[in-house]
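Given next are the chains, with one letter for each unit.
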Amino acid sequence: MSEFEQLYREVILDHYKAPRNHGVLEPHDAIAEGQNPLCGDEVTVSVRFGQDDVIEDVGFEGRGCAISQAATSMLTDIVKGRTAQEVSTMPKEELLDEIGIPLTPVRLKCALLGLGVLKVALHRAKGTALPDEWGASSGEIDLS
């Protein structure tokens, strides 16, 4: 393992052990939850909007593997200050670049769970487009 990968693994562990923006916001303007039935990960994401649909605050809670929880923690930092529309079109590669280590296909679903749940929350609250790339239609991820 390279020093670079080791550094990213430490960042992931830090986000897992001390998640940023942990907890569901009350009150919130948008909320959604999702599960990955393949591994049992669960995430709930809540959002509070400011002026012009800018994400003012975002919180999450859940349980699951270090990748799913750390990736969602990282995601909450990334999206603050962006509009709902910007986040709804955010490519998954942006989050994967932030994670910084290669992931197996199973771990990829873990890493992207929070992003899929966030996009569902934005879709419900603001009518943003909902990409089907998250596997929700195929049953790989349950979003509610």
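Look above for the structure.
The following paragraphs examine the structure supplied in this document. (Residues numbered from 1 in each chain as written. Predicted model: local features only at pLDDT ≥ 70, side-chain atom pairs only at ≥ 80, totals over all residues. Heavy atoms only, no water.)

1. Considering the overall build of the protein
Part 1 of the argument: Scanning the protein from terminus to terminus reveals five helices and four strands.
Part 2 of the argument: The order of helices and strands in the protein, counted from the N terminus, is α-β-β-β-α-α-α-α-β.
Part 3 of the argument: The buried share of the protein, reckoned over its 144 residues, is 39%. (Helix = DSSP H or I, 4+ residues; strand = E, 2+ residues; numbered from the N terminus. Buried < 20%, exposed > 50% of the residue type's maximum accessible area, 1.4 Å probe, protein only.)

2. A few points about the packing of aromatic side chains
Part 1 of the argument: Applying the stated criterion to the full structure yields zero aromatic pairs.
Part 2 of the argument: The lysine or arginine in question, Lys 126, covers the ring of Phe 49, its NZ or CZ lying 4.6 Å from the ring centre. (Phe/Tyr/Trp six-rings, centres within 6.5 Å; stacked < 30°, edge-to-face > 60°. Lys NZ or Arg CZ within 6 Å of the ring centre and 35° of its normal.)

3. Some details on the nonpolar core
Part 1 of the argument: In this structure, Val 45, Val 47, Ile 55, Val 79, Leu 95, Ile 99 and Leu 118 are the most contacted members of the largest nonpolar core, which totals 34 residues.
Part 2 of the argument: If you list the elements that add at least two residues to this core, you get strand S1 (30-36), strand S2 (41-49), strand S3 (55-63), helix H2 (66-79), helix H3 (84-88), helix H4 (92-99) and helix H5 (105-126).
Part 3 of the argument: In terms of residue count, the dominant contributor to this core is H5 (10 residues).
Part 4 of the argument: Once residues within four sequence positions are removed from consideration, Leu 95 is found in contact with Ala 71, Met 74, Leu 75, Ile 78, Met 90, Ala 111, Leu 112 and Leu 115. (Core = buried A, V, L, I, M, F, W, Y, C linked by side-chain atoms within 4.5 Å. Contact = heavy atoms within 4.5 Å.)

4. A few points about the environment of Arg 124
Part 1 of the argument: Counting through the fold element by element, Arg 124 comes out in helix H5.
Part 2 of the argument: Classification of Arg 124 as partly exposed rests on a relative accessible area of 48%.
Part 3 of the argument: For the pair Arg 124 and Ala 32, spaced 92 residues apart in the sequence, the C-alpha separation amounts to 8.5 Å.

5. Concerning the side chain of Thr 44
Part 1 of the argument: Mapped onto the elements of the fold, Thr 44 is located in strand S2.
Part 2 of the argument: Not counting chain neighbours up to four residues away, the residues in contact with Thr 44 comprise Val 24, Ile 31, Ala 32, Glu 33, Gly 59, Phe 60 and Glu 61.

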